[in-house]
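Structure at a glance
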Amino acid sequence: MLVSKILKTGAVALGFAGFTVSSVSAQDIILGHVMDQEHIFHKVSEQFIERLDGLSGGSMSVSYHPGGDLGDWTSIVEQVAQGAVQMTMSWNHSELDPRWDVSVLGYVANDWESGKEVYGPGSTMNEVYNGIMNDLGMELLGTIPTDFTGFVVRKGVDVPVNFPTDAEGFKMRVPGMPMAIERYKATGFSAVPMAFSEVHTALQTGAIDGRAYSPPSEVLLFKDVLSAYVFTRENFEHTFWTANKAWFDGLTEEQQGWVKEAANEAVTWAWENAESESPKWFEQIEASGIEVIELTPEQLDAYRAKVVAVEYPYMEEIIGTEVMGAIKQAAGVE
């Protein structure tokens, strides 16, 4: 019922919806993403590649491209949807479908346990996500947890902790999705949509003062220009491992089984181990001279209230009352 409800909200009509993928041999699996070898994407990829090789007896191998070899993450997602690349690990690409933004809705999960229950393997949200992916020509292989998120602050700028007053005039980089702009406008910031690839230079030059939606594992990417990391825990970041659907459907049943089994094992490992990685990132952040700031309960309550007030009605218009009802119940929101 939940999946049928979200599918009825309508997918964005895409020019490549009827794209026909040319015949690709099982040996020609391209997996690309933009993160480095320290990121969980890399560790999951390594486990998948090794396990798939074993299950298939070497008949299915992966051409692995980490670190943005194939382009910006949004372009790689589009390549997967089109069939030029078989697999990627990415964030929500809402320009393809605004329903995808439900994954970054604020303050749904309160801790890792609730995050896994809402977004992890076998969750209702995974079924919802796969429905969205199928509409875009992709197959969901799993969700990969990262951590709760906050925002980074460049050197030479006062750190905002009271909202909206402290945030006035603070130029916050957000991804190019409407809900992100609404969130940061509501909390007092000047929202600046910008490609991820441009963030470092923009922080250096002062074109932006901070970057939103940052999990601890990505803070050190900009360590040379940062003074602080404000850990607001505003959403539980989980990312998407997708494959081109036409390619996947064209595999034999046995090959599909190998891919699914290898992916499931790698994703399960991620959900079992990602939480233990979090303290390590905070140690490295502080060791690099970046101050980690936690909001007081009063500051956090005020921030959370503003995020929920603007985002939940916005998302309900996109995905419908039934799906939002389930999300509100999980989040403890009336």
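Placed above this text is the structure.
Residues numbered from 1 in each chain as written. Predicted model: local features only at pLDDT ≥ 70, side-chain atom pairs only at ≥ 80, totals over all residues. Heavy atoms only, no water.

**Details of the overall build of the chain**
Check the secondary structure of the chain and you find eleven helices and eleven strands. In terms of overall size, the chain behaves like a compact globule, its C-alpha atoms giving a radius of gyration of 20 Å where 334 residues would be expected to give roughly 20 Å. Oriented by its inertia axes, the alpha-carbon framework of the chain measures out at about 60 × 45 × 35 Å. Within the chain, buried positions represent 54% of all 334 residues. (Helix = DSSP H or I, 4+ residues; strand = E, 2+ residues; numbered from the N terminus. Rg over C-alpha atoms; globule rule 2.2 N^0.38 Å. Buried < 20%, exposed > 50% of the residue type's maximum accessible area, 1.4 Å probe, protein only.)

**As for the environment of Ile76**
Here Ile76 shows up in helix α3 (residues 73–82). We classify Ile76 as buried; its relative accessible area is 0%. For the pair formed by Ile76 and Pro121, sequence separation is 45 residues and the distance between their alpha carbons is 24 Å.

**Observations regarding a negative patch on the surface**
Where like charges cluster on the molecular surface, the negative patch consists of Asp111, Glu113, Glu117 and Glu275. By secondary structure assignment, the location of Glu113 is in helix α4 (residues 112–119). (Patch = residues over 30% accessible without salt bridge, like charges linked within 9 Å, V, L, I, M, F, W, Y side chains within 5 Å. Areas by Shrake-Rupley, 256 points an atom, 1.4 Å probe, with all protein chains shown as cover. Salt bridge = Lys/Arg side-chain N within 4 Å of Asp/Glu carboxyl O. Lys, Arg positive; Asp, Glu negative; His and termini not counted. Charge placed at Lys NZ, Arg CZ, Asp CG, Glu CD.)

**Some details on the pattern of salt bridges**
Oppositely charged side chains are able to pair whenever their charged atoms sit close together. Applying the stated rule across the entire model yields 15 salt bridges. The salt bridge partner of Asp209 is Arg154, with a shortest N-O separation of 2.9 Å. Placement of Asp209 in the loop between α7 (199–205) and β8 (210–214) and of Arg154 in strand β5 (residues 150–154) is noted, with a sequence separation of 55 residues between them. Owing to a relative accessible area of 5%, Asp209 belongs among the buried residues under this scheme. In this structure, the salt-bridge partner of Glu218 is Arg211, at a minimum N-O distance of 2.8 Å. Residue class for Glu218 comes out buried when judged on its relative accessible area of 0%. Assessed through its relative accessible area of 4%, Arg211 is described here as buried.

**Examining helix α6 (residues 178–186)**
Residues of α6 that are buried: Met179, Ala180, Arg183 and Tyr184. In an axial view of α6, the angular spread of the buried residues amounts to 125°, which keeps them on one side of the axis. The inward-facing, buried residues of α6 abut β6 (171–174), β7 (190–193), β8 and α10 (297–319). Directly beyond the C-terminal end of α6, a positive phi value near 105° is found at Gly188. (Arc of directions from axis to C-beta. Contact = heavy atoms within 4.5 Å.)

**Side note on the nonpolar core**
The biggest cluster of nonpolar side chains holds 108 residues, and the ones touching the most others in it are Phe48, Leu52, Met87, Tyr119, Phe189, Trp241 and Val259. At twelve residues, helix α9 (residues 253–287) tops the list of elements feeding residues into this core. (Core = buried A, V, L, I, M, F, W, Y, C linked by side-chain atoms within 4.5 Å.)

**Quick look at the packing of aromatic side chains**
Overall, the coordinates contain 21 aromatic pairs when judged by the stated rule. Pairing Phe163 with Phe189 gives two aromatic rings, centres 5.7 Å apart and planes at 45°, and the pair type is tilted. Of this pair, Phe163 sits in the loop between β5 and β6 while Phe189 is found in the loop between α6 and β7, placing the two residues 26 residues apart along the sequence. Judged on exposure class, the residue Phe163 and its partner Phe189 are both buried. (Phe/Tyr/Trp six-rings, centres within 6.5 Å; stacked < 30°, edge-to-face > 60°.)

**Some remarks on the sheet that holds β6**
By definition, the strands of a sheet pair up through backbone hydrogen bonds, in either a parallel or an antiparallel sense. A sheet is described by the order of its strands in space; here six strands give the open sequence β7-β6-β8-β5-β9-β11, paired in mixed fashion. In this open sheet, the two strands that pair with only one neighbour each are β7 and β11 (291–293). Averaged over all adjacent pairs, the angle separating strand axes in this sheet is 30°, with direction ignored. Bridge count between β6 and β8: two bridges; the pairing is parallel. (Pairing = 2+ DSSP bridges. Axes fitted to C-alpha atoms, helices over the stretch in contact; angles between N-to-C directions.)

**A few points about the sheet that holds strand β4 (residues 138–148)**
Strand order in the open sheet formed by five strands is β2-β1-β3-β10-β4, and the pairing between neighbours is mixed. Every interior strand has two partners, whereas the edge strands, β2 (62–65) and β4, have only one. Along the sheet, successive strands turn relative to each other by an average axial angle of 15°, direction set aside. Sheet topology places β4 next to strand β10 (residues 236–244); nine bridges connect them, and they run antiparallel. Residue pairing for β10: Met138 is matched across the bridge by Asn244. Running over the sheet, helix α2 (residues 40–55) touches β1 (29–32), β2, β3 (87–90), β4 and β10 and is turned about 170° from β2. Contacting β4 and β10, helix α5 (residues 124–135) crosses the sheet at an angle of about 130° to β4.

**Overview of the pairing of β2**
Relative to β2, β1 is paired through four bridges, and the arrangement is parallel. Counted as the bridge partner of Gly32 is His65 from β2. The handedness of the β1 to β2 crossover, carried by α2, is right-handed. (Right-handed = clockwise from strand over helix to strand, strands pointing away.)

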